[in-house]
There are 2 protein chains.
Amino acid sequence: MNADWIEQFPGLSKLEPAIRDVLTRKSAVVTVREGSVIFGPGKSPENLLLLLEGRVRVQQVSEAGREIVLYRVEAGQSCVLTTACLLAHEGYSAEGIAETDVRAVAIPRTVFDDLIAQSVTFRTFIFTAYSKRITDLFQIIEDIAFQRVDIRLAQKLLDLERGTGQIKATHQQLAAELGTAREVISRQLGEFQRRGWIRQSRGSVELVEPDGLERLAALDAA
Amino acid sequence: MNADWIEQFPGLSKLEPAIRDVLTRKSAVVTVREGSVIFGPGKSPENLLLLLEGRVRVQQVSEAGREIVLYRVEAGQSCVLTTACLLAHEGYSAEGIAETDVRAVAIPRTVFDDLIAQSVTFRTFIFTAYSKRITDLFQIIEDIAFQRVDIRLAQKLLDLERGTGQIKATHQQLAAELGTAREVISRQLGEFQRRGWIRQSRGSVELVEPDGLERLAALDAA
DNA sequence: CACCTTTCAGTAACGATGTCACCAAACCCA
DNA sequence: TGGGTTTGGTGACATCGTTACTGAAAGGTG
């Protein structure tokens, strides 16, 4: 079986040979179809996932049905926060959804525990990932609490544009990205369009003049 | 030296004897004066702290100087999120402040790492604490994004009242609790007072009719 | 105590954001 | 083609955040 996937994770490339062996023998490469709910309320993840290909969106869903995107796990990253959350708590109301077809390495809980115990490198890998996620969450809290919506939307549009200058998303989905309401997105996009920065069509946004968005996004907490 | 402090942490009471020994020998009980900044931007924590007495407030401070309280560490709990954040990242802009005089066990980084490696019990203790904190952060994000401030303020007043029916806090401090502005707090407290639920005086709030606050707080995401 | 400074709270006006109600256009599918 | 569903647009209003200013309360100093 091909174990070269380890090279895709910089933090793991220095893994001790014995550990490396355990990891490749006791984990499995799995594939998940786009749109699948990987974990969610009442569906604990059984494995730690290391993403080889694709993208997972993690979002919080409120009782009232409103959604907010917390972060995304990309290829080369791990779903590490779930490792804490699969241990104890019920109250884990976040859910993970495959935004694309996903190929990932699944590390069972017991193996994860062994690796943590046996490998400094693996520990560093995991805790570094934790650090990144947690500081991201802090940033989200700060943005939601203190940042203007127009600035956040401009940043998000630039962030979601993956080279193509096109963003496939409904206003409702963009609202969920920022934790705001659809109507607010409609108004802001309308304003961006009036300024000639974007062109809208049903279900997608085309960036016409990214510079305008960049300038707005750069205002940040000025 | 007295090592009975371990009994104050339910998650550690089943600690393996050998590990227990390492923990007591290689950690130190420290005291911190009320108001001290335990960690913050440019001041990485060197140790994992387990709180024996007192309370630590962890808050995010934005560039513009605005603050929002993220969570509190109470006696019997650990400053566990710092363990991730002391590893890698600069961008750790949260700070921890002793709200009272604090007595705590300080576990050096290297010892923390050893304990993680050697003890299942310790690992569970740490990851369980992570889980709790992270779900708390998710809840904060949801509240900030979707909950009305009057409801959040009512909940916070009931939360901060520690038996006495009295809350020692300025409007500015209450604003930081919720990540909103002082003026908003002043307005809401004015409204609560008109309804006869509270009595205000400079620097403190007295709960006169907690039931009113309870009813409002219970509206939650109804 | 008188005086000054700092901190804290109140308020009005306005801008930004969130909510509600409703409509219209675009898409989907039978 | 027709009818339902999804998506987007909009006005009216409520809530929340910001600005600017005021004065009261506490604290320090001679």
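Residues numbered from 1 in each chain as written. Chains lettered and ligands numbered in written order. Predicted model: local features only at pLDDT ≥ 70, side-chain atom pairs only at ≥ 80, totals over all residues. Heavy atoms only, no water.

**Comments concerning helix H8 (residues 210–218) of chain A**
Residues and elements named next belong to chain A. The set of residues buried in H8 consists of Gly212, Leu213, Leu216 and Ala217. Each buried residue of H8 lies within a common arc of 130° when the element is viewed along its axis, so the set occupies one face. Exposed side of H8, more than 90 degrees from the buried face: Asp211, Arg215 and Ala218 are the residues found there. Along its buried surface, H8 packs onto helix H5 (149–160), helix H7 (182–194), strand E9 (198–201) and strand E10 (204–207). (Buried < 20%, exposed > 50% of the residue type's maximum accessible area, 1.4 Å probe, protein only. Helix = DSSP H or I, 4+ residues; strand = E, 2+ residues; numbered from the N terminus. Arc of directions from axis to C-beta. Contact = heavy atoms within 4.5 Å.)

**Some thoughts on the pattern of salt bridges**
Residue and element names in this part refer to chain A. A complete count under the given rule lists 33 salt bridges over all chains for this structure. Residue Glu191 pairs with Arg194 through a salt bridge whose shortest N-O separation is 3.2 Å. With Glu191 and Arg194 both in helix H7, this residue pair falls three residues apart, about one helical turn. Judged by its relative accessible area of 25%, Glu191 falls in the partly exposed class. We classify Arg194 as exposed; its relative accessible area is 64%. For Arg199, the salt bridge identified is with Glu206, shortest N-O distance 3.3 Å. (Salt bridge = Lys/Arg side-chain N within 4 Å of Asp/Glu carboxyl O.)

**Comments concerning the sheet that holds strand E1 (residues 28–32) of chain A**
All names here are of chain A. Spatially, the three strands line up as an open sheet ordered E1-E7-E3, and their pairing is antiparallel. The open sheet has two edge strands, E1 and strand E3 (47–53), and neither has a second partner. Looking at each pair of strands side by side, their axes are set apart by 35° on average, direction ignored. Pairing geometry for E1 and strand E7 (residues 102–108), over five bridges, is antiparallel. Looking at E7, one finds that Val29 is bridged to Val105. (Pairing = 2+ DSSP bridges. Axes fitted to C-alpha atoms, helices over the stretch in contact; angles between N-to-C directions.)

**Things to note about the packing of helix H5 (residues 149–160) of chain B against helix H7 (residues 182–194) of chain B**
Residue and element names in this part refer to chain B. Running from amino to carboxyl end, H5 crosses H7 at an angle of 75°, the nearest separation of the two axes being 10 Å. Judged by the inter-axis angle, H5 sits roughly perpendicular to H7. Across from Val149, Asp150, Leu153, Ala154 and Leu157 in H5, the residues of H7 making contact are Val184, Ile185, Gln188, Leu189 and Phe192. Partitioning the contact of H5 with H7 into residue classes produces eight nonpolar, one polar and one charged. (Parallel < 35°, antiparallel > 145°, perpendicular 65-115°, else oblique. Nonpolar A, V, L, I, M, F, W, Y, C, P; charged D, E, K, R; others polar.)

**Comments concerning the protein's contact with DNA strand C**
Among the 17 residues in the neighbourhood of DNA strand C, the closest are listed as A:Arg66, A:Val149, A:Thr180, B:His171 and B:Arg202. Restricting attention to atoms of DNA strand C within 4 Å of the protein, one finds that 58% of them are sugar or phosphate atoms. One of the side-chain nitrogen or oxygen atoms of A:Thr180 is found 2.4 Å away from a phosphate oxygen of DNA strand C. At 2.9 Å, a backbone N or O of B:Gly203 approaches a phosphate oxygen of DNA strand C. Those elements that provide at least two residues to the surface near DNA strand C are H7 of chain A together with H7 of chain B. Here the surface near DNA strand C gets four residues from one element, more than from any other, and that element is H7(A). In the surface near DNA strand C, the residues fall into two nonpolar, six polar and nine charged. (Near = heavy atom within 4 Å. Polar contact = N/O pair within 3.5 Å; in protein donor to acceptor, adjacent residues only side chain to side chain.)

**Regarding the domain arrangement of chain A**
Residue and element names in this part refer to chain A. What the domain assignment reports for chain A is domain 1 (4–144) and domain 2 (148–218). Each of domain 1 and domain 2 was reduced to a C-alpha centroid, and the two centroids are 28 Å apart. Interface of domain 1 and domain 2: buried area, both sides summed, is about 750 Å²; carbon and sulfur atoms make up 40% of it. The tally of links between domain 1 and domain 2 comes to two salt bridges. The salt bridge partner of Glu74 is Arg162, with a shortest N-O separation of 3.7 Å. Across the domain 1-domain 2 interface, the total number found is three residue pairs in polar contact (both at pLDDT 80 or more). (Domains from an automatic or database assignment. Buried area = accessible area lost by both parts, 1.4 Å probe.)

**Thoughts on the nonpolar core**
Ranked by size, the top nonpolar core spans 105 residues in total, and within it A:Ile107, A:Phe122, A:Tyr130, B:Ile107, B:Phe122 and B:Tyr130 carry the most contacts. In this view, A:Ile107 contacts A:Leu23, A:Ser27, A:Asn47, A:Leu48, A:Leu50, A:Phe112, A:Leu115 and A:Phe122; residues no more than four positions away in its chain are not counted. (Core = buried A, V, L, I, M, F, W, Y, C linked by side-chain atoms within 4.5 Å.)

**Things to note about the side chain of B:Thr24**
Residue and element names in this part refer to chain B. Locating Thr24 in the fold gives a position in helix H1 (residues 17–26). Its relative accessible area of 15% is what places Thr24 among the buried residues. Separated by 3.0 Å, the side chain of Thr24 and the backbone oxygen of Asp21 make a polar contact.

**A word on the relation of the copies chain B and chain A**
Rotating chain B by 180° and translating it 0.0 Å along the rotation axis places it on chain A, where the RMSD comes to 0.1 Å. As the rotation angle and translation indicate, the two copies are arranged about a two-fold axis. The rotation axis passes nearest to the C-alpha of B:Ala117 in chain B, at a distance of 2.0 Å. Both copies share a contact surface, since 100% of the interface residues of chain B are interface residues in chain A too. (Least-squares fit on C-alpha atoms with pLDDT ≥ 70 in both.)

**What about the protein's contact with DNA strand D?**
The environment of DNA strand D is formed by 18 residues, the closest being A:His171, A:Arg202, B:Arg66, B:Thr180 and B:Glu183. The sugar-phosphate share of atoms of DNA strand D within 4 Å of the protein amounts to 54%. Contact between DNA strand D and A:Gly203: a phosphate oxygen at 3.0 Å from a main-chain N or O atom of the residue. One of the side-chain N or O atoms of B:Gln188 is found 3.3 Å from a phosphate oxygen in DNA strand D. In terms of residue count, H7(B) provides more of the surface near DNA strand D than any other element does, four residues in total. By residue class, the composition of the surface near DNA strand D is three nonpolar, six polar and nine charged.

**A look at the interface of chain B and chain A**
With 42 residues of chain B at the contact, the number on the chain A side is 42 residues. Contact between chain B and chain A buries roughly 3,800 Å² in total, counting both sides, with carbon and sulfur atoms accounting for 75%. When the buried surface of chain B facing chain A is broken down by residue, B:Phe127, B:Phe138 and B:Phe146 rank first, second and third, together holding 19% of it. Summed over the shared surface of chain B and chain A, the result is two salt bridges. With its nearest N and O atoms 2.8 Å apart, the salt bridge here joins B:Asp113 to A:Arg123. One can count six residue pairs in polar contact (both at pLDDT 80 or more) joining chain B with chain A. Of all the elements in the fold, those that place two or more residues in the side of chain B that touches chain A are strand E4 (55–61), strand E5 (67–74), helix H2 (81–85), helix H3 (109–118) and helix H4 (120–146) of chain B.

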